[in-house]
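Read off the chains here:
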Amino acid sequence: MPDFTPSDRLATEHARRARSFGAAATDYADHRPDYPAAAVTFALAPVAGLRPLRVLDLAAGTGKLTESLLRAGLDVIAVEPDAAMRDELVGRLRGVVALPGSAEAIPLPDNRVDAVLVGQALHWFDLDRALPEIARVLNPGGVLAALWNLDDDRVDWVAEFAEIAGLSVRYSLRAGRSIPAHPDFQEQELREFSHKQPRTAASLTATVGTHSPTLVRTPDEQQALLSRVRAYLDTNPATAGGEFELPLVTTVSRAVVTK
């Protein structure tokens, strides 16, 4: 039997979580938050004067970020490795070009786009391979921007909820959600944007069901976790009265390609 090291086990768990989202594609599309327009504007600022502006939404999932880019009137190509997520995207956003592919093997020619945006996914990439590949498809002067929506657990009830739900996408755990230094890119610029999403106890519980730590649990473990989450939301004064707002922070890390 192989003698797996702790790093091997972490890598295996990381890969298992990265592959878990397709099983919840519809719920992901229904319940995950969008991205604020100001965050998208900051992400694209280095290339804002170009028209038409060609943007790649890399690891596009079900198109949460794609939709924000389309609202801005941009020429958007989506690349997503998971077939179920990709099907959900094209079913919701008719006419969008959505290609199978990954950050490590982008199915585009050299110098194809002015910007590559990554929503909620950069931490899943093999960055040693992905960053040169992203640089390859960018035009000279193009920009890479990574965006994350994080639960704002500086708010007391959000912190309690995040602990019960076992969430890793929260403000206090944002370390590592940035573009690492790489010779193909200039030094990154970081910005945070306040964001919020209208929620109910039912919809926020459903969102917990779309997070990878939940998806890799057994069905019984998932049900037990979601029952605890729903019980908290149904009894907490901030969330028990029907619709409420979930406070979020959207972080954006952007870096211009060096070529």
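Residues numbered from 1 in each chain as written. Predicted model: local features only at pLDDT ≥ 70, side-chain atom pairs only at ≥ 80, totals over all residues. Heavy atoms only, no water.

Tell me about the pairing of strand 1 (residues 54-58), residues and numbers included.
Counting buried residues along strand 1, 4 of its 5 residues qualify, which places the element largely inside the surrounding structure. Across 5 bridges, the pairing between strand 1 and strand 2 (residues 75-79) is parallel. By the bridge assignment for strand 2, Arg 54 is matched with Asp 75. The parallel pair strand 1 and strand 2 is bridged by helix 4 (residues 64-71), and the resulting crossover is right-handed. Bridging between strand 1 and strand 4 (residues 113-119) involves 3 bridges; their strand directions are parallel. Paired with Asp 57 across the bridge in strand 4 is Leu 117. (Buried < 20%, exposed > 50% of the residue type's maximum accessible area, 1.4 Å probe, protein only. Helix = DSSP H or I, 4+ residues; strand = E, 2+ residues; numbered from the N terminus. Pairing = 2+ DSSP bridges. Right-handed = clockwise from strand over helix to strand, strands pointing away.)

An account of helix 5 (residues 83-92) is needed here, citing residue identities and associated values.
Restricting attention to buried positions, one finds in helix 5 the residues Met 85, Arg 86, Glu 88 and Leu 89. Buried residues along helix 5 cover an arc of 160 degrees about the axis, so they all sit on one side. The backbone nitrogen of Ala 84 has a side-chain oxygen 3.0 Å away, supplied by the residue at the start of helix 5, namely Asp 82. (Arc of directions from axis to C-beta. Polar contact = N/O pair within 3.5 Å; in protein donor to acceptor, adjacent residues only side chain to side chain.)

Can you break down unusual backbone geometry residue by residue, with the values?
With glycine set apart, most residues show a phi of negative sign, and most peptide bonds adopt trans. Cis geometry marks the peptide bond from Arg 51 to Pro 52; its omega dihedral reads -5 degrees. Here Pro 52 shows up in the loop between helix 3 (37-44) and strand 1. Backbone geometry places Gln 120, a non-glycine residue, at a positive phi of 65 degrees. Among the secondary structure elements, Gln 120 is positioned in the loop between strand 4 and helix 6 (127-137).

I'd like a rundown of the packing of aromatic side chains, residues and numbers included.
Under the counting rule described, the total for this entry stands at 3 aromatic pairs. Relative to Phe 161, the ring of Trp 157 lies with its centre 6.4 Å away and its plane at 50 degrees, an arrangement referred to as tilted. Taken together, the positions of Trp 157 and Phe 161, both in helix 7 (residues 156-165) and 4 residues apart, correspond to about one turn of that helix. An identical accessibility class is assigned to Trp 157 and Phe 161; each is buried. Centroid distance Trp 157 to Phe 244: 5.6 Å. Interplanar angle 90 degrees. Geometry classified as edge-to-face. (Phe/Tyr/Trp six-rings, centres within 6.5 Å; stacked < 30°, edge-to-face > 60°.)

Tell me about the pattern of salt bridges, and name the residues and values.
A complete count under the given rule lists 12 salt bridges for this structure. With a closest N to O distance of 2.7 Å, Arg 92 and Glu 88 form a salt bridge. Here the residue Arg 92 and the residue Glu 88 both occupy positions in helix 5, the gap between them amounting to 4 residues, near one helical turn. Of the residues examined, Arg 92 reaches a relative accessible area of 38% and is grouped as partly exposed. In this structure Glu 88 comes out as buried when scored by relative accessible area, which is 16%. If you follow the salt bridges from partner to partner, you end up with Asp 110, Glu 133 and Arg 136 in one network. (Salt bridge = Lys/Arg side-chain N within 4 Å of Asp/Glu carboxyl O.)

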